[in-house]
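Listed below are the residues making up each chain.
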Amino acid sequence: MVNPTRSYSPQDKALVENAVHLAYQRIYYPLREMTFFSLADLNKEIKLLLECYNNLLFQRKEASRLELFQSVEREYLKPLSSTRYEIKEYRRAKVQKIGYIYFSPDKTYYSVPYRYIGKETTLHYTKGMVEVYYNQQRIAIHQRSGSKGAYITNKDHLSSSHKQYSQWSPQYFKNKAAVHGSYVAACVERIIAALDYPETGYKRAMGVIQLHKSYGSQRLDNACKRAIQADAVSYNRITNILKNNLDQSSLFLQEETDRGSHIPKHANIRGASNYK
């Protein structure tokens, strides 16, 4: 643990500066006229002068620094940390409805216990760890991941078995998607089912549903149908289909005409894989 001197406290600074002054006086000054031809020789001489300095008796005490260390201070020493000290940095983040906080430096997501959904938290992070604190108490700790967009999950944090704590669920998103077409519902169902934890798919599912605001429900449903036929259901795939107007291509529309534009009722649709 690092304990710097307190700001605006000259008494702390004086103690430190005096210790530095004494070290210069007893060790550095005797060395200033000497010449060394290797670092090992210099360190050897410093060690000898340091031993002499620690064995000097205090002027007002009948003891040396070494004796006081052995009799008073030594028993309070604790083992050094097994891990190297790392400087921590800090961020604030709100726990999202899906039970994750967004870690902006890496653009990744880390789970926290579901009961903190909606709470403001503080993130303490190093090169290797991310810790989440709420009211000065640590509520989650994760190995830091550098994978952009990754969801780092502790399964004990999730609310899958505690649906009463959240409105969001796989069925909730399927119902919202069905308003825009059966193929939209099918895509949303696949996106959520493809992941180990449903919560990690909620934002992607919502992203697919929100595409209707820019392209309309009919185009979105056609794009989802094409993604299903290509067996490549994902938010990015559906977005690319819409951006490039592939859902309106003559080849795709002719295929729909030949098929009779029949929309099956079952959500899990698997068509031909001719569109990739």
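Because the structure is predicted, anything quoted here is derived from the model rather than measured.

(A) Local environment of the overall build of the protein chain. A count of helices and strands for the protein chain gives 10 helices and 7 strands. Residue burial in the protein chain is summarised as follows: out of 276 residues, 33% are buried. Contacts spanning at least 24 positions in sequence make up 53% of the contacts within the protein chain whose residues lie at least 6 apart. With the model as given, the accessible surface of the protein chain reaches about 18,800 Å², and the carbon-plus-sulfur share is 51%.

(B) Spotlight on the packing of helix α5 (residues 182–193) against helix α8 (residues 217–229). Interaxial distance between α5 and α8 falls to 7 Å at its minimum, and their mutual angle equals 50°. With respect to each other, α5 and α8 are oriented oblique. Classified by chirality, the crossing of α8 by α5 is left-handed. Residues Ser182, Tyr183, Val184, Ala186, Cys187 and Arg190 of α5 touch α8, and the partners they reach there are Leu220, Asp221, Cys224, Lys225 and Ile228.

(C) Structural view of the sheet that holds strand β1 (residues 89–94). Across the sheet, which stays open at both edges, the 4 strands sit in the order β1-β4-β5-β6 with antiparallel pairing between neighbours. Of all strands in the sheet, those bounded by a partner on one side alone are β1 and β6 (137–143). Across the sheet, the mean angle from the axis of one strand to that of its neighbour is 25°, orientation sign disregarded. As paired strands, strand β4 (residues 120–125) and strand β5 (residues 129–134) are joined by 4 bridges and run antiparallel to one another. Within the sheet, the bridge partner assigned to Leu123 lies in β5 and is Val132.

(D) Representation of the pairing of strand β2 (residues 100–103). In this structure, β2 lies alongside strand β3 (residues 108–111), joined through 4 bridges in antiparallel fashion. In the strand pairing of β3, Tyr100 is matched with Ser111. As consecutive antiparallel partners, β2 and β3 are separated by 4 residues, and within that stretch Lys107 has a phi angle of approximately 55°, a positive value.

(E) Quick look at the sheet that holds β2. Across the sheet, 3 strands lie side by side as β2-β3-β7; this open sheet has mixed pairing. Bordering the open sheet on either side are β2 and β7 (151–152), each of which pairs with just one other strand.

(F) Layout of the confidence of the model for the protein chain. When pLDDT is averaged along the protein chain, the result is 82, and 82% of the positions lie at 70 or above. Considering only residues more than four positions removed or in separate chains, one finds that residues 161–165, a stretch of pLDDT under 50, has 5 contacts. Here residues 260–276 is a poorly scored stretch, pLDDT under 50, and it has 35 contacts once near neighbours within four places are set aside; other chains count.

Parameters at a glance
- Residues numbered from 1 in each chain as written.
- Predicted model: local features only at pLDDT ≥ 70, side-chain atom pairs only at ≥ 80, totals over all residues.
- Heavy atoms only, no water.
- Helix = DSSP H or I, 4+ residues; strand = E, 2+ residues; numbered from the N terminus.
- Buried < 20%, exposed > 50% of the residue type's maximum accessible area, 1.4 Å probe, protein only.
- Contact = heavy atoms within 4.5 Å.
- Areas by Shrake-Rupley, 256 points an atom, 1.4 Å probe, with all protein chains shown as cover.
- Axes fitted to C-alpha atoms, helices over the stretch in contact; angles between N-to-C directions.
- Parallel < 35°, antiparallel > 145°, perpendicular 65-115°, else oblique.
- Left-handed = near helix turned anticlockwise from the far one by under 90°.
- Pairing = 2+ DSSP bridges.
- pLDDT = per-residue confidence, 0-100.

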